[in-house]
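One-letter residues, chain by chain:
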Amino acid sequence: MQSSPLNSISKEALVSKLKQFIAIESILYEAEDLHPYECDALSAYRILPLLVVLPDRIDQVQAIIKLCRQFNVPIVTRGAGTGLSGGALPHEQGVLLSLAKLNQVIEVNADQRIATVQAGVRNLAISQAVDHLGLYYAPDPSSQIACTIGGNVAENSGGVHCLKYGLTVHNVQSIKVVTIEGEILNIGSGGLDSSGYDLLALMVGSEGMLGVIVEVTVKLLAKPAIAKVILASFDDVVKAGAAVGNIIAAGIIPAGLEMMDKLAIKAAEDFVHAGYPCDVAAILLCELDGDTDEVNSHCQKTHELLQSSGAIEIRTAKTEQERQLFWKGRKSAFPAVGRISPDYYCMDGTIPRKSLPYVLQTIEDLSKQYNLPVANVFHAGDGNLHPLILYNANQEGELERTEEMGGKILELCVEVGGTITGEHGVGMEKINQMCVQFNSLELQQFHAVKVAFDPQKLLNPGKAVPELHRCAEFGAMHVHRGKEKFPELERF
């Protein structure tokens with residue numbers, strides 16, 4: 001086995017050194033063992049890593065990172081592999097560091113309402129561990145049954161209840177991080193604020209580029225006294241989008257406010273049998289929680305707002321089982337759409353709520369232009385869109401056409417004052433659109449932060465923040481906007 005141009009050690013020698021502090025069964029290096037790790041949930045991009053390691057202790061993580069740094073070996077950290085932006089796409093000359101075995105709940109402090117867990121603990125497992133205490137962890141991505149808290153922190157994940165309770169960044173108290181030098185940093189504190197720079201917010205959403213998160217202390221909430229879900233049907237997607245703004249403008253902040261269009265509704269209903277109407281253009285799911293009097297009052301007001309916004313049918317879940325079923329349909333939308341199309345491309349952009357009607361109409365226009373169906377599933381309350389573009393990768397050129405259309409949707413989000421991601425991260429998927437949202441000086445600052453933490457650029461290289469030459473090449477193909485943000489494009 002020969003050394004690669006990047007690494008200063010051969011694969012064989014690297015495996016030999018790893019065996020000194022980690023069991024051989026936790027080191028994967030044969031091709032047949034590496035294939036399950038060749039991609040995350042964005043399966044359009046696939047790369048076999050040099051090898052995979054699965055430590056079960058933090059000191060092993062430190063040793064692995066020190067070894068990789070010594071021999072200039074790239075490191076890509078992976079949780080459960082449920083990410084949708086290619087953030088855990090392996091490096092062909094690097095180690096894929098899986099934290100799946102770091103799966104222990106370390107401590108629960110019910111009085112302080114916090115729980116300290118290892119990075120490989122599943123999102124849903126946190127709520128299950130504290131359920132008997134009347135507590136829960138609020139962020140609930142659709143993949144919460146499988147996704148890990150370390151991955152949630154790396155991508156700043158949200159979920160259907162993030163409108164009222166915030167994203168991961170709002171629900172984390174502190175983290176333990178292993179640096180590229182193999183040292184431990186404890187970021188955050190037991191208090192609600194810490195002195196100095198807010199490194200906790202910097203690390204949340206950093207996509208594994210600044211350090212390896214091995215332990216997280218999360219905030220817990222008391223279960224609300226009551227929760228009710230309203231299902232409203234519309235004969236027009238634009239009307240449903242406008243209803244979202246009307247609810248928020250009335251001063252009502254739902255726990256969750258989700259929207260699905262006709263294609264997504266039909267797929268979810270066929271898959272889950274949630275009781276969704278299939279002959280409508282869109283539905284809104286609006287959950288209100290809190291004390292009984294407040295919820296009942298808000299329910300009545302929300303009914304009135306939905307009616308005045310053009311809803312053709314309004315239903316409130318009659319039982320807790322029906323409420324859970326309504327949400328099961330929404331959280332199963334992605335796999336449900338996977339049953340009706342050979343492939344789909346899940347987008348993730350965020351826009352101001354006021355722009356929902358315009359953006360939905362433009363997505364429909366793009367769907368017709370590219371002749372690619374789109375199922376819209378998104379967190380309507382906070383403007384986080386998840387258009388699912390249906391395509392067939394076996395049709396020549398269809399993936400490229402899909403990516404082009406997806407790029408236009410993300411650029412549309414920027415155009416109306418939004419951003420190219422809401423919770424999935426940038427990864428590999430949106431790296432070109434970073435050149436649209438940020439100019440060269442802003443990107444240089446991002447790179448400066450990266451180098452401050454990782455001078456050799458070994459942690460998840462090539463992701464999230466594009467090199468300026470990449471933006472120059474991308475901008476050259478989009479000269480009308482490229483020269484404005486990147487003066488160096490004048491040469492094109």
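Here is a short report on the structure shown in this document.

Rules behind the numbers
Residues numbered from 1 in each chain as written. Predicted model: local features only at pLDDT ≥ 70, side-chain atom pairs only at ≥ 80, totals over all residues. Heavy atoms only, no water. Helix = DSSP H or I, 4+ residues; strand = E, 2+ residues; numbered from the N terminus. Rg over C-alpha atoms; globule rule 2.2 N^0.38 Å. Buried < 20%, exposed > 50% of the residue type's maximum accessible area, 1.4 Å probe, protein only. Phe/Tyr/Trp six-rings, centres within 6.5 Å; stacked < 30°, edge-to-face > 60°. Expected span 1.5 Å × (residues − 1). Disulfide = S-S within 2.5 Å. Patch = residues over 30% accessible without salt bridge, like charges linked within 9 Å, V, L, I, M, F, W, Y side chains within 5 Å. Areas by Shrake-Rupley, 256 points an atom, 1.4 Å probe, with all protein chains shown as cover. Salt bridge = Lys/Arg side-chain N within 4 Å of Asp/Glu carboxyl O. Pairing = 2+ DSSP bridges. Core = buried A, V, L, I, M, F, W, Y, C linked by side-chain atoms within 4.5 Å. Contact = heavy atoms within 4.5 Å.

## Notes on the overall build of the chain
When helices and strands are tallied, the chain shows 18 helices and 20 strands. Taking 2.2 N^0.38 as the reference for a compact globule, 492 residues should give roughly 23 Å; the C-alpha atoms of the chain span a radius of gyration of 23 Å, in line with that estimate. For the chain, the spread of C-alpha atoms along the three principal axes comes to 70 × 60 × 45 Å. Counting across all 492 residues of the chain, residues that qualify as buried make up 55%.

## Let's talk about the packing of aromatic side chains
Applying the stated criterion across every chain, the model contains 3 aromatic pairs. With 6.5 Å between their ring centres and 40° between their planes, Tyr-276 and Phe-326 make a pair best called tilted. You can see Tyr-276 sitting in the loop between helix 9 (262–272) and strand 14 (282–290) and its partner Phe-326 sitting in helix 11 (residues 320–331), a full 50 residues away along the chain. Note on accessibility: Tyr-276 and Phe-326 belong to one class, buried. Centroid distance Phe-438 to Phe-446: 5.1 Å. Interplanar angle 80°. Geometry classified as edge-to-face. Using a relative accessible area of 32% as the deciding quantity, one classes Phe-446 as partly exposed.

## Looking at helix 3 (residues 58–70)
Since there are 3.6 residues in each turn of an α-helix, residues three or four apart along the chain are aligned in direction. Compared with the 18 Å implied by 1.5 Å per residue over 13 residues, the 18 Å span of helix 3 between its first and last C-alpha is a close match. Turning to helix 3, its buried residues number three or more, namely Ile-58, Gln-60, Val-61, Gln-62, Ile-64, Ile-65, Leu-67 and Cys-68. Phi turns positive one or two residues past the end of helix 3, at Asn-72, with a value near 60°.

## Concerning the state of the cysteines
For the coordinates displayed, the defined rule picks out 1 disulfide. A sulfur-sulfur separation of 2.1 Å characterises the disulfide bridge that pairs Cys-435 with Cys-471. Residues Cys-435 and Cys-471 are joined by a disulfide whose S-S torsion is about -80°; by sign, that bridge is left-handed. Here Cys-435, found in helix 15 (residues 434–437), pairs with Cys-471, found in helix 17 (residues 468–476); they are 36 residues apart in sequence, far enough to count as distant. The class for Cys-435 is buried, based on a relative accessible area of 5%. Cysteine Cys-39 remains unbridged, with the sulfur of Cys-346 as its closest cysteine sulfur at 15 Å. By relative accessible area, Cys-39 is classed as buried at 13%.

## A few points about a nonpolar patch on the surface
Nonpolar side chains collect at one region of the surface, where Tyr-197, Leu-199, Leu-202 and Val-449 lie side by side and expose about 400 Å² of accessible area between them. With respect to the helices and strands, Leu-199 occurs in helix 7 (residues 199–203).

## A closer look at the pairing of strand 6 (residues 114–118)
Summarising burial for strand 6: 5 of the 5 residues are buried, a large majority. Of the two faces of strand 6, both are covered, the one formed by Ile-114, Thr-116 and Gln-118 as well as the one formed by Ala-115 and Val-117. Both strand 5 (residues 105–109) and strand 6 contribute to a ladder of 4 bridges, which runs antiparallel. Of the residues in strand 6, the one forming a bridge with Asn-109 is Ile-114. Bridge count for strand 6 against strand 10 (residues 212–219) is 5 bridges, and the pairing is antiparallel. If you follow Ile-114 over to strand 10, its bridge partner there is Lys-219.

## Considerations on the nonpolar core
Taken as a class, soluble globular proteins show a tendency for nonpolar side chains to be buried jointly. Ranked by size, the top nonpolar core spans 61 residues in total, and within it Met-259 and Leu-306 carry the most contacts. Leave out the neighbours within four places in its chain, and Leu-306 touches Ile-230, Ala-232, Phe-234, Ala-243, Ile-247, Leu-284, Ala-311 and Ile-314.

## A few points about the environment of Tyr-165
When you line up the elements, Tyr-165 lands in helix 6 (residues 162–165). Each C-alpha atom, one on Tyr-165 and one on Met-260, is 21 Å from the other, the two residues being 95 residues apart in sequence. When near neighbours in sequence (up to four residues on either side) are disregarded, Tyr-165 contacts Tyr-136, Ala-138, His-170, Asn-171, Leu-221, Ala-255 and Asp-289.

These values are about where atoms sit, not about what they do.
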